[in-house]
Amino acid sequence: MTNPDFATGVGIAGCGRMGAPMLAALRAAGFDAKGFDVRPPSDFGALAPHILPLPDFATRLTTLITVVRDVAQTDDVLFGAQNLIATAPNLSTVIISSTLSPRYVRALRDRISPHITLIDAPMSGAAVAAEEARLSFMLGGEPQDIATHQPLFEAMGAHFHHMGGFGAGMQAKVLNNLLAASNTAMTRLVLDWADQSGLEERALLDLIHTSSGQNWLASGFEEIEFARDGWEVDNTIGILTKNVASALDAAPEGADTALPDLIKTQIRALKPRA
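Values in this document were obtained by computation on a predicted structure and should not be read as measured data. Within each chain, residues carry numbers counting from 1 in the order of the written sequence. The model is predicted, so local features are restricted to residues of pLDDT at least 70 and side-chain atom pairs to those at 80 or more, both for listing and for counting; the totals for chains, interfaces and linings are taken over all residues. Side-chain metrics in this entry use all non-hydrogen atoms of the structure; hydrogen atoms and water are not considered.

Q: Which parts of the structure should I look at to understand the pattern of salt bridges?
A: Where charged atoms of side chains with opposite charge meet at close range, the side chains can pair. Salt bridges are defined as contacts in which a side-chain nitrogen from Lys or Arg sits within 4 Å of a carboxyl oxygen from Asp or Glu. Summed over the entire model, instances satisfying the criterion amount to 15 salt bridges. Between R273 and D195 there is a salt bridge; the shortest N-O distance is 2.7 Å. Note that R273 is positioned in the segment after α12 (258–268) and D195 in helix α8 (residues 168–197), a separation of 78 residues in sequence. Using a relative accessible area of 42% as the deciding quantity, one classes D195 as partly exposed. By definition, any uninterrupted DSSP run of H or I lasting at least four residues is a helix, any uninterrupted run of E lasting at least two residues is a strand, and each is numbered from the N terminus. Buried, partly exposed and exposed residues are distinguished by accessible area as a fraction of the type maximum, computed with a 1.4 Å probe on protein chains only: under 20%, between the cut-offs, and over 50%, respectively.

Q: Honestly, the pairing of strand β1 (residues 8–13) in this entry has me stumped. Any pointers?
A: Among the six residues in β1, five count as buried, and that is most of the element. With four bridges joining them, β1 and strand β2 (residues 32–36) adopt parallel strand pairing. When the bridges of β2 are listed, I12 appears paired with G35. Inspection of the sheet shows β1 paired to strand β3 (residues 63–66) by four bridges, in the parallel sense. Between any two strands, pairing holds if DSSP finds at least two bridges.

Q: Would you mind showing me how to read α12 here?
A: An α-helical segment advances 3.6 residues per turn. Residues three or four places apart therefore align on the same side. Along α12, the residues classified as buried are P260, I263 and I267. The arc enclosing the buried residues of α12, seen along the axis, measures out at 55°, which places them on a common side. Structurally, α12 contributes buried residues whose contacts are with α8 and α11 (236–249). By definition, the arc is the one covered by directions from the helix axis to the C-beta atoms. We call two residues in contact whenever any of their non-hydrogen atoms come within 4.5 Å of each other.

Q: I would appreciate a short explanation of unusual backbone geometry in the present structure.
A: A negative phi angle characterises most non-glycine residues, just as the trans form characterises most peptide bonds. The phi dihedral of A126 falls on the positive side, at around 70°, and the residue is not glycine. As for its placement among the helices and strands, A126 is situated in helix α6 (residues 126–131).

Q: Any chance you could explain the packing of aromatic side chains here in plain terms?
A: Each aromatic ring pair is characterised by the separation of its centres together with the angle its planes make. Only Phe, Tyr and Trp rings are paired, with Trp represented by its six-membered ring, and only when their centres lie within 6.5 Å; those with planes under 30 degrees apart are stacked, over 60 edge-to-face, the remainder tilted. In this structure the tally under the stated criterion is four aromatic pairs. Among the aromatic residues, those joined into a ring-pair cluster are F137, F153 and F160.

Q: Which parts of the structure should I look at to understand the environment of A250?
A: Counting through the fold element by element, A250 comes out in the loop between α11 and α12. Overall, the relative accessible area of 11% leaves A250 in the buried class. Residues A250 and L78, 172 residues apart in the sequence, show an inter-C-alpha distance of 22 Å.

Q: I keep staring at the packing of α8 against α11 and nothing clicks. Help me out?
A: Between two packed helices, what matters for the description is the angle formed by their axes and the separation of those axes. Contact geometry of α8 with α11 gives a least axis separation of 9 Å together with a crossing angle of 135°. Taken together, the axes of α8 and α11 lie oblique to each other. When you trace α8 past α11, the crossing you get is left-handed. Where α8 approaches α11, its residues V174, N177, L178, A181 and T184 are matched on the opposing element by I237, L240, N243, V244, S246 and A247. Only Asp, Glu, Lys and Arg are considered charged, only Ala, Val, Leu, Ile, Met, Phe, Trp, Tyr, Cys and Pro nonpolar, and every remaining residue, Gly among them, polar. By residue class, the composition of the contact of α8 with α11 is seven nonpolar, four polar and no charged. To get an axis, fit a line to the C-alpha atoms, keeping to the stretch in contact for a helix; angles then go from 0 to 180 degrees between the N-to-C directions. Should an angle fall under 35 degrees it is taken as roughly parallel, and over 145 as roughly antiparallel, whereas 65 to 115 is taken as roughly perpendicular and any remaining angle as oblique. Crossing chirality is assigned from the near helix's rotation relative to the far helix, an anticlockwise turn below a right angle marking it left-handed and a clockwise turn marking it right-handed.

Q: Got a minute to help me understand the side chain of Q82 in this structure?
A: Tracing the backbone shows Q82 in the loop between α3 (71–78) and α4 (84–87). Apart from the residues within four sequence positions on either side, Q82 is in contact with F36, V38, L54, D76, V77 and T87.

Q: Would you take a moment to explain α11 for this structure?
A: An expected span of 1.5 Å times one less than the residue number is assigned to each helix. The end-to-end C-alpha distance of α11 is 20 Å, a good match for the 20 Å that 14 residues give at a rise of 1.5 Å each. Counting buried residues along α11, 11 of its 14 residues qualify, which places the element largely inside the surrounding structure. Residues of α11 that are buried: T236, I237, G238, I239, L240, T241, K242, N243, V244, S246 and A247. Lining the buried residues of α11 we find α5 (102–107), α8 and α12. N or O atoms within 3.5 Å of each other form a polar contact, as long as, within protein, one can give a hydrogen and the other can take it, and as long as residues adjacent in sequence are counted only when both atoms are side-chain atoms. Sitting at the amino-terminal end of α11 is N235, which places a side-chain oxygen 3.2 Å from the backbone nitrogen of I237.

Q: Any chance you could explain the pairing of strand β7 (residues 135–140) here in plain terms?
A: Along a regular strand, successive side chains alternate from one face of the sheet to the other. Here β7 lies mainly inside the structure; six of its six residues are buried. Burial along β7 is two-sided: L135, F137 and L139 and S136, M138 and G140, pointing in opposite directions, are all buried. With two bridges connecting them, strand β6 (residues 123–124) and β7 associate as antiparallel partners. Residue S124 lies in a different strand from β7, and its bridge partner there is S136. Direction of pairing for β7 relative to strand β8 (residues 157–164): parallel, over a ladder of six bridges. Across the sheet, the residue bridging to M138 is H161, located in β8. Whether a crossover is right-handed comes down to one check: with the strands pointing away from the viewer, does the path from the first strand over the helix to the second run clockwise; if it does, it is right-handed. At this point the chain moves from β7, through helix α7 (residues 143–156), to the parallel β8, and the crossover so formed is right-handed.

Written out as structure tokens, the structure is:
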């Protein structure tokens, strides 16, 4: 049931592959949520009436969810080109749902007025999970703040993991993404080798799903929209290398980063799979 405290004033900045279905899920749950994106509303089909120009988006905004690509775009939303921290007069909560460096996220607390609640809530599940409102959220923040905003997360997701204080959700997300990246690189290599050995793809994927090699990418190979993609700077495979870099940025002092560095290189070398 919609929490009346969030009936209006919720906004998603960055209505792309993940943000648009998250906005649709919030609206389907009864929230009068609106979106902002650098692309025109005409690009958003049925969501077009709910994509606002920046001044209108800022004026009504109380709870901001950012789902933009990277640190630079997040800085634009908060302090730069969009500057919502300064231009949204009623802003009371910022929820960071992009996957970013945990060091950057934790540093936001010193850059944003203490009267604004900060929660980091990166998510996992790919676009298919966003479209079906069954994302997994990794949450960082004060317990009462998480509880207050739980109706928003429940509208968009199915699994919720409170990992600790602000920044802990992002730390957990980039560690999870290291595993996702390694599974992506190795699953694609295994499938290429299987092709050369004459094994049928579907038969091998069915075997992996019920055997010790089971992993998220292999089990969802037909549903995950980027499973067959090659690396491009702006696609999901490209974003995966950015996510590995975010994990490396927060690596413990003295950590051996050879394996994550190799995985990043392997992901970058992926070619499209027919």
